[in-house]
Amino acid sequence: MKKYLYPYRYRLAVLWSMVLLNIVSGLAIPPLVGRAIDGPIHDGDMAGLVAIVGVIAVLGAADALLQLARRYFQTTTAMAIEKDIRGALYEHLQVLHTGFHDRWQTGQLLARVTSDLGMIRRFFAGGLVFAITSIGMILIIMGQLLFIEWRLALIVAASAVPLFLIGRKFFREYLPAARSEQDQSGEVSSAAEEAALGIRAIKALGRGPLMAARFEKEAAELRSRSIFKSLIASRSWSGYDAIATSAVGAVLVFGSTMVAGGTLSVGDLTAFIMLQLALLWPIEATGWVMAHGNEAMTAADRVYEVFDTEPAIKDRPNARAVERSEVRGELVFEGVRFAFEDDSREILRGVDLRVEPGETVAIAGKTGSGKTTLVSLPSRLHDPTGGRILLDGTDIRDLRLENLRSVVTTAFEEATLFSMSVRENLALGRPDADERDLEEAVRVAQAEFVYDLPYGLDTRIGEQGLSLSGGQRQRLALARAVVVRPAVLVLDDPLSALDVHTEELVERALAQVLRGTTALVVVHRPSTVALADKVALLHEGRIAAFGAHSELMASSPEYVDVLSAEPEEVAA
Amino acid sequence: MTAAVNETETKTEKHDKHASWRGRAESAEADRTSAEVDDAASIKELRLQSRRLLGWMMRPHKKGIAFLCAILVVQNFTSMATPLLVMFGIDNAIPAIADRGDYSLLVGIAAVFALVSVLKYVCVRLYIAQSAKVGNAMLFALRNRVFRKFQDLSVSFHERFTSGRVTARQSSDMESIREMTENGVDDLVLAGLNVVTITIVMLVIDPLLAAVSLLTFPLMLLLGRWFSRVSAVAYRKARETVALLIVYFVESMGGVRAVQAYRREPRDRELFADLNTDNQYAQAKGHQQNAFMSGGMRGIGHLATVVVLLFGGWQVMRGNTELGVLAAFLLYMKRFFDPLNELVQFYNVLQSATSALEKLSGVLDERIEVAEPEEPKSIASPRGELRFDDVHFRYREDQVVLPGLDLRVPGGQTLALVGATGAGKTTIAKLVSRFYDPVSGVVSLDGVDLRDLSEAELRRHIVMITQENFLFNGTIAENIELGLPGAPRERIVEAAKVVGAHEFIEALPDGYDTHVRKRGGRLSAGQRQLVVFARAFLADPRVLILDEATSSLDIPSERLVQRALRTILADRTAIIIAHRLSTVEIADRVLVLEHGRIVEDGRPDELIDRGGEYAALHRQWEDSLV
Ligand SMILES: Nc1ncnc2c1ncn2[C@@H]1O[C@H](COP(=O)(O)OP(=O)(O)OP(=O)(O)O)[C@@H](O)[C@H]1O
Ligand SMILES: Nc1ncnc2c1ncn2[C@@H]1O[C@H](COP(=O)(O)OP(=O)(O)OP(=O)(O)O)[C@@H](O)[C@H]1O
Ligand SMILES: [Mg+2]
Ligand SMILES: [Mg+2]
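What counts and how
Residues numbered from 1 in each chain as written. Chains lettered and ligands numbered in written order. Predicted model: local features only at pLDDT ≥ 70, side-chain atom pairs only at ≥ 80, totals over all residues. Heavy atoms only, no water. UniProt positions renumbered as here; feature names shortened; annotations may be inferred. Buried < 20%, exposed > 50% of the residue type's maximum accessible area, 1.4 Å probe, protein only. Helix = DSSP H or I, 4+ residues; strand = E, 2+ residues; numbered from the N terminus. Pairing = 2+ DSSP bridges. Axes fitted to C-alpha atoms, helices over the stretch in contact; angles between N-to-C directions. Parallel < 35°, antiparallel > 145°, perpendicular 65-115°, else oblique. Left-handed = near helix turned anticlockwise from the far one by under 90°. Nonpolar A, V, L, I, M, F, W, Y, C, P; charged D, E, K, R; others polar. Near = heavy atom within 4 Å. Polar contact = N/O pair within 3.5 Å; in protein donor to acceptor, adjacent residues only side chain to side chain. Contact = heavy atoms within 4.5 Å. Buried area = accessible area lost by both parts, 1.4 Å probe. Salt bridge = Lys/Arg side-chain N within 4 Å of Asp/Glu carboxyl O. Domains from an automatic or database assignment. Donors = N, O, S within 2.8 Å, 3.2 Å for Na, K, Ca; no water. Expected span 1.5 Å × (residues − 1). Bend = angle between axes of the 7 residues up to and from the residue. Core = buried A, V, L, I, M, F, W, Y, C linked by side-chain atoms within 4.5 Å. Patch = residues over 30% accessible without salt bridge, like charges linked within 9 Å, V, L, I, M, F, W, Y side chains within 5 Å. Areas by Shrake-Rupley, 256 points an atom, 1.4 Å probe, with all protein chains shown as cover. Phe/Tyr/Trp six-rings, centres within 6.5 Å; stacked < 30°, edge-to-face > 60°. Lys NZ or Arg CZ within 6 Å of the ring centre and 35° of its normal.

- As annotated in an unreviewed UniProt entry, chain A carries the name ABC transporter ATP-binding protein and is attributed to Glycomyces terrestris.
- Its UniProt record gives chain A the following Sequence similarities (unreviewed entry) comment, quoted word for word: "Belongs to the ABC transporter superfamily. Lipid exporter (TC 3.A.1.106) family."

## A look at the pairing of strand β3 (residues 360-365) of chain A
All names here are of chain A.
- Of all six residues that make up β3, six are buried, and the element is covered over most of its length.
- The two faces of β3 match: T360, A362 and A364 on one face and V361, I363 and G365 on the other face are all buried.
- Strand direction decides the pairing type here: β3 and strand β8 (residues 518-522), joined by four bridges, are parallel. Directly across from V361, in β8, lies its bridge partner L520.
- Bridge count between β3 and strand β9 (residues 534-539): five bridges; the pairing is parallel. For V361, the partnering residue across the bridge sits in β9 and is K534.

## Focus: the packing of helix α3 (residues 46-95) of chain A against helix α11 (residues 265-317) of chain B
- Taken N-terminus to C-terminus, the directions of α3 of chain A and α11 of chain B make an angle of 165°; their axes are 8 Å apart at the nearest point. Accordingly, the angle class assigned to the pair α3 of chain A and α11 of chain B is roughly antiparallel. In the crossing of α3 of chain A with α11 of chain B, the sense of the turn from one axis to the other is right-handed.
- For the contact of α3 of chain A with α11 of chain B, the residue count by class is 21 nonpolar, 18 polar and nine charged.

## Description of the site of ligand 1
- Around ligand 1 lies a shell of 22 residues, among which K371, T372 and T373 of chain A together with S524 and G526 of chain B are the nearest.
- Flanking ligand 1 are residues from chains A and B.
- Here an oxygen atom of ligand 1 and a backbone polar atom of G368 of chain A are 2.9 Å apart.
- At a separation of 2.9 Å, an oxygen atom of ligand 1 approaches a polar side-chain atom of Q527 of chain B.

## Concerning the interface of chain A and chain B
- Between chain A and chain B, the residue contacts involve 193 residues of the former and 172 residues of the latter.
- Both faces considered, chain A and chain B share a buried interface measuring about 16,600 Å² in area, 63% of it formed by carbon and sulfur atoms.
- For the chain A face of the interface with chain B, the top three residues by lost area are Y90, K203 and R460 of chain A, together amounting to 5%.
- Where chain A touches chain B, the interface holds eleven salt bridges.
- Salt-bridge contacts for R148 of chain B lead to E216 of chain A; the nearest nitrogen and oxygen are separated by 4.0 Å.
- For the pair chain A and chain B, the number of links is 43 residue pairs in polar contact (both at pLDDT 80 or more).

## Digging into the domain arrangement of chain A
Residue and element names in this part refer to chain A.
- Taken as a whole, chain A is organised into domain 1 (2-307) and domain 2 (328-413 + 487-570).
- On the side of domain 2, four residues touch domain 1, which itself brings four residues to the contact.
- Sorting the residues of domain 1 by area buried against domain 2 places H97, T98 and R103 first, and these three jointly supply 92% of that buried surface.
- Where domain 1 meets domain 2, there are one salt bridge.

## Describing the coordination of the magnesium ion (ligand 3)
Residue and element names in this part refer to chain A.
- Taken together, the protein donors to the magnesium ion (ligand 3) comprise T372 (OG1) and E413 (OE), at separations of 1.9 to 2.5 Å. In this pair, T372 sits in helix α11 (residues 371-376) while E413 sits in the loop between β6 (408-411) and α13 (422-426), placing the two residues 41 residues apart along the sequence.
- Given the relative accessible area of 21%, E413 is considered partly exposed.

## Here we look at the environment of V146 of chain B
All names here are of chain B.
- Positionally, V146 belongs in helix α4 (residues 104-152).
- Each C-alpha atom of the pair V146 and Q170 lies 7.8 Å from the other, and the pair is 24 residues apart in sequence.
- Setting aside residues no more than four positions away along its own chain, V146 makes contact with Q170, M174, L360 and L364.

## Observations regarding helix α3 (residues 62-100) of chain B
All names here are of chain B.
- In this model, α3 (39 residues) spans 53 Å end to end at C-alpha, consistent with the 57 Å of a helix rising 1.5 Å per residue.
- Remark: the principal bend of α3, roughly 40°, maps to G89.
- Following α3 by one or two positions, G101 has its phi on the positive side, about 65°.

## Considerations on the nonpolar core
- In this structure, L145 of chain A together with L142, I177 and L309 of chain B are the most contacted members of the largest nonpolar core, which totals 125 residues.
- If you tally residues by element for this core, the top one is helix α12 (residues 323-365) of chain B, at 21 residues.
- Beyond its immediate sequence surroundings of up to four residues, L145 of chain A is in contact with W150, A153, V156, F272, L275 and L279 of chain A.
- Of all hydrophobic cores here, the second largest spans 96 residues; its members include L109, L489, L537 and A545 of chain A.

## Things to note about a nonpolar patch on the surface
- A cluster of nonpolar side chains, V24, I135, L139 and I140 of chain A, forms an exposed patch at the surface whose accessible area comes to about 360 Å².
- Structurally, the position occupied by V24 of chain A is in helix α2 (residues 9-43).

## Examining the sheet that holds strand β1 (residues 331-339) of chain A
- Read from one edge of the open sheet, four strands run β2-β1-β4-β5 (chain A), paired in antiparallel fashion. In this open sheet, the two edge strands, each paired with only one partner strand, are β2 (346-355) and β5 (394-395) of chain A.

## Some thoughts on the packing of aromatic side chains
- Scanning the entire structure with this criterion turns up 23 aromatic pairs over all chains.
- Ring geometry for Y90 of chain A versus F249 of chain B: centroids 6.1 Å apart, planes at 50°, classification tilted. One end of the pair, Y90 of chain A, is in helix α3; the other, F249 of chain B, is in helix α9 (residues 217-254), on a second chain.
- Overall, the relative accessible area of 1% leaves F249 of chain B in the buried class.
- A ring pair is formed by F217 of chain B and F336 of chain B, whose centres lie 6.0 Å apart and whose planes are at 45°; its orientation type is tilted. Taken together, the residues span a long stretch of sequence, with F217 of chain B in helix α9 and F336 of chain B in helix α12 at a distance of 119 residues.
- A residue is classified by how much of its surface remains accessible, and F217 of chain B, at 27% relative accessible area, is partly exposed.
- A cation over a ring is seen here: R223 of chain A above F140 of chain B, with NZ or CZ 4.2 Å from the ring centre.
- Taking the ring centre of F161 of chain B as reference, the NZ or CZ of R165 of chain B above it sits at 5.9 Å.

## A word on the domain arrangement of chain B
- Considered domain by domain, chain B is made up of domain 1 (2-364) and domain 2 (386-625).
- The distance between the C-alpha centroids of domain 1 of chain B and domain 2 of chain B comes to 52 Å.

## Observations regarding the UniProt feature "transmembrane region" (unreviewed entry) in chain A
- Taking the numbering used here, the UniProt-annotated feature "transmembrane region" (unreviewed entry) corresponds to residues 12-34, 46-66, 123-146, 152-171 and 239-259 of chain A.
- Secondary structure within residues 12-34 of chain A divides into 100% helix and 0% strand; the distance between the first and last C-alpha atoms comes to 34 Å.

## A short note on the environment of A564 of chain B
- Structurally, A564 of chain B can be placed in helix α19 (residues 555-568).
- In sequence terms A564 of chain B and S355 of chain B are 209 residues apart; their C-alpha atoms lie 54 Å from each other.

## Some details on the site of ligand 2
- Near ligand 2, the surroundings consist of 22 residues, among which S469, G471 and Q472 of chain A together with T426 and T427 of chain B are the closest.
- Nearby residues place ligand 2 at the junction of chains A and B.
- At 2.6 Å from an oxygen atom of ligand 2 is found a side-chain nitrogen or oxygen belonging to S469 of chain A.
- Take Q472 of chain A: an N or O atom from its side chain is 2.6 Å from an oxygen atom of ligand 2.
- Here ligand 2 loses 96% of its free accessible area of 640 Å² to cover by the protein chains.
- Sort the elements by how many residues they give to the shell around ligand 2 and helix α13 (residues 425-432) of chain B lands first, with four residues.
- A per-class count over the shell around ligand 2 returns five nonpolar, 13 polar and four charged.

## Topic: the packing of helix α2 (residues 40-58) of chain B against α12 of chain B
Residues and elements named next belong to chain B.
- Look at α2 against α12: their axes get within 8 Å of each other, and the N-to-C directions meet at 95°. Classed by the angle they form, the pair α2 and α12 counts as roughly perpendicular. Residues L46, R47, Q49, S50, L53, L54 and M57 of α2 form the contact with α12, whose participating residues are Q351, T354, L357, E358, L360, S361, G362, L364 and D365.
- Split by residue class, the contact of α2 with α12 holds seven nonpolar, six polar and three charged.

Put into structure tokens, the structure is as follows:
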């Protein structure tokens, strides 16, 4: 937290001085009013009255201006701080590994970035200032009260004891309740997001009503948690109000007897009670402030949950930088093992594979055999749990992550496009790519359709590229990878959504690109194998066969099983 | 008026600002519901709608709200009683004791004070509990209504609106309304009551003095008017900036793998920072205006004190007014202005909630393009005959996807669609499952126009597996069960077995109860496809549409699926879209599509013999197999 407040220290210092001044100016007025009544008005001294009123007017004007300036700076500063934290949180989320993102619903992250930060901001801009103002006011008023009549002031002080007890209980109960409400509100956003993202799947099955029922369940849970939280509040705030009022009553009773006994003047008693009435509101509002404080605390907890998650994949301390031009592109897997966290099954159990510079190796294997997992390792989307991967003889973990990822580029099996311009999508991995680079990549991927879109490359494509056809999406994603011109190109089932004819065109154009590039290509059908110099069969976590397609067709029955269409034709 | 013009200007400016990376959408309205246009008339209309929405939210809680008001009235009395009692005590009880040693009056006052305290306790407690119930119930109803509306809106709406914006409506807009219901409605009502009662009390105790102090009223009104005018503009804008921020956040977190793999972090950060800053300024704007109002109110309060003190003092000196009356008056003034000062802050919250409500009512008023029929027809025993009669379709004005399609698929037939990518295959499938309505022409099932079938009826007969395999957060069993909600476990397992998903599911740590994580991140692409397949199989519809349902499968799994398909599809109508001709071979009939036109139509073996487009494709495919 301190880190984010530091840049604003001067502003905050000014702000707090204004807050203090504002308290003083606000409190200075009631005694003057009391003085006016007891003095000039009582004595019929018009000139004296005008003088006091003049002072009040000046003070009042100053108070109003201070109030304005203070509020203005307060919100401006708080908004700026909120923005800073949000930016930092975003940056942190960006570097967290995919495992984290798989597990966290977007709605939960969103709740942290928006409503939780909002809560913290509101507390700092409103609640905290208010709390400190109140405490300041309470202290000053208590001082004044003591000055006017210490015996009466003691009565007021005594009322603090039950207030404290109630407050303590409140803290204990409210914190967990607020937390569980905030968590649930993240669930509700997640449900909303998912139902919007999956709208096609839902509509295709006609499950709108079912989804609505599920959403309703989440929303109902949120409702009951909110109500529960408010019930806790209702039990304590009510006490605050009642105690503060009783204290006024007590003062009036004792004060009156004192006035009757001649130990106190009417003016003093009036001033005392007037001051005490000024105390009423801060005390009544304490419950509200504490609630806000509690909510801000739990919100901060939730935000820190994310901040405290260390990125699992990051640079080693002495990581080396590599230049794209220096990389030959020799990629070696040495006894690579891999298991996902919290899943005991080992997906890769000692993969040994050597890809020579410029060579294209196809990876074949059954559904779920670990092909995608294997090819996600060279760009360090995951780190192996055993063994190592060498690029030109260096363990990739000793290379700087950003360098590595500019050397190794992946086209995923799902296109993962963004609702931005085509250009922005194409240049995702190379923002400085010029028109020619884009054109070339578009040609290789046979994605010329982009020029026929209403605004060409400036057309915004729908969310996840869903305003394109399946094959168009896949070609765009392929072009995006080609634009980067990496030393190692990873293509995960890059042609699955293309028709036979287009597939052949893409293969022909791609073959030229692949000539100088080390490539790993995940394949499912024999036609794609044509791209590769050699094929590796991934079977039970190991490379079970490695060689040219025709060799393997002859020598490896498993390979035939995975990649040959023969038996089907027999069956047909 | 000028405000509206200004807003339009800033809006266009804003669009330009991000256009460089967001790209251009077909219409400028892409981000908005159609109700949210900027001209003055529609803003007015939107205000009206949002008020109606508020009315809708409150209607079921009339009694609850009346009860709340009653509590507040009592509570207001208790607050009001305090200074009255003080005044009474000072003016009467003290003299009684001093002159006659008569304590009874004081005892009476003490008793009343005790009563007031208890009443206050009860009121506050009841109020908070009851208002939480009412407020949350209203939010609950609103959330559900908005959710259902989003579900009803067409796919094309969602395409331009984006899920991020949907999430924004359901999270940050709701949050703003929640903030309003949770804090301060009581302040508003209390302050209102306060103003009324104090005015009355003041008028009763000293009309002249009261009239003088009420001189400040018009000033307050002016200030309030000013604020509500400027802040409405500010908050409307702020709702939009936060929505943009959320859209960007949701999308870049959803695609975080691509972001990391393509080292897009710096660029993303830059764009996000931009949106973040925009949002910061937009949000701050309303609060800053509020600061002006807050200072102004404070000043007006002091002004009133000055005036009353001068005039009242003068009156006291002339003997027209009692000293105690003036003292009480000044106390009242304080009680009058203090809540108003607090109210200024609540006004802020209120304005923000109002804009949120406007946004939501914009959504609720959005016309549903693919609407439910007024008088739905039903099909008693569906045969599954599909017909396209001169169907024209386009997504965009300038690009016709289907230029007049005529097609009849008899019940029970398995039809395969092949053709180059972008030919319009998926489009045909989407028309059959009524994601869109044709621009002209009719798509019908068993002679009934799809537009005359209710949503529920249509989905019971026609189910599609889309090209994008979407899994929901939940277990594998839950995801399969989506095909037939309430299906017993045996049927789920059976469905999985038929499509060949059983083995891998059993091998997962928790079997069918394994959580698939966000969007099924825990499964491989082929596994996801199998789960979706099992889901469709469980649904058991008359008409089944498979759009590339086997594209990510390995050959052995594909073979298994095909074998299953032969039995599944035997007695139902099916449309299969596939690039792998192995899948096509199980079809009774093949259509070759080119730019939305049918160029060939016939049995697969016939077409191969005929030696046309399909035969060429087939040859090419066979060649690729070796
Ligand atoms: N995030 C994850 N957590 C746990 N297990 C996972 C995760 N991702 C994948 N798996 C499991 O790891 C195995 C390999 O998955 P992977 O995606 O690498 O398969 P694949 O060979 O690419 O299959 P496909 O051909 O279907 O794409 C699968 O059994 C899958 O269930
Ligand atoms: N939602 C949409 N908005 C605008 N244009 C679209 C939309 N969906 C598809 N299109 C366009 O309509 C044309 C036909 O698309 P369609 O999805 O029907 O192709 P397809 O035959 O299924 O192709 P594929 O084999 O690649 O899936 C394409 O040019 C595509 O860009
Ligand atoms: Mg895979
Ligand atoms: Mg398609």
